[in-house]
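Here is what each chain is made of, one letter per residue.
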Amino acid sequence: MSKTKAVKILILLLILSATALFALRQRKPRPPGLGESAPDFTLPALNQGSLSLHDFKGQVVLVNFWATWCPPCIEEAPRNSLSLCELAGLS
């Protein structure tokens, strides 16, 4: 094999590798489907320690990140409370 041909093959392999790496980095994780488990995560608890999703396996979990300065967040808070009560069978 000539030196020129080897260089062309090497350049082609580098381009293909870079393209594959770029495509893999652009791929977004898909959300869990119906019936699939959500990925585990851990958050700090309000009263020290932490809470992990796996601690609530088999239970309904509603995680809502909101702020007191966010009007849409304040508006949806009562609806979320009602929804959670309905899911828990408290209504």
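Read on for a plain summary of the structure. (Residues numbered from 1 in each chain as written. Predicted model: local features only at pLDDT ≥ 70, side-chain atom pairs only at ≥ 80, totals over all residues. Heavy atoms only, no water.)

1. Brief notes about the overall build of the protein
Of the regular secondary structure elements, the protein holds 2 helices and 2 strands. Counted from the first residue to the last, the protein has its helices and strands arranged as α-β-β-α. For a compact globule of 91 residues, the expected C-alpha radius of gyration is about 12 Å, and the protein comes in at 25 Å, more than 25% above that figure. Considering only intrachain contacts with a sequence separation of at least 6, the fraction spanning at least 24 residues in the protein is 3%. Roughly 8,600 Å² of accessible area belongs to the protein as shown, and the carbon and sulfur atoms make up 65% of that amount. When the 9 positive and 6 negative side-chain charges of the protein are each reduced to one mean point, those points stand 30 Å apart. (Helix = DSSP H or I, 4+ residues; strand = E, 2+ residues; numbered from the N terminus. Rg over C-alpha atoms; globule rule 2.2 N^0.38 Å. Contact = heavy atoms within 4.5 Å. Areas by Shrake-Rupley, 256 points an atom, 1.4 Å probe, with all protein chains shown as cover. Lys, Arg positive; Asp, Glu negative; His and termini not counted. Charge placed at Lys NZ, Arg CZ, Asp CG, Glu CD.)

2. Focus: the state of the cysteines
Counted by the stated rule, this structure contains 1 disulfide. A sulfur-sulfur distance of 2.4 Å marks the disulfide that ties Cys-70 to Cys-73. One disulfide, between Cys-70 and Cys-73, carries an S-S torsion of 70° and so falls in the right-handed class. By relative accessible area, which is 15% here, Cys-70 ends up buried. (Disulfide = S-S within 2.5 Å. Buried < 20%, exposed > 50% of the residue type's maximum accessible area, 1.4 Å probe, protein only.)

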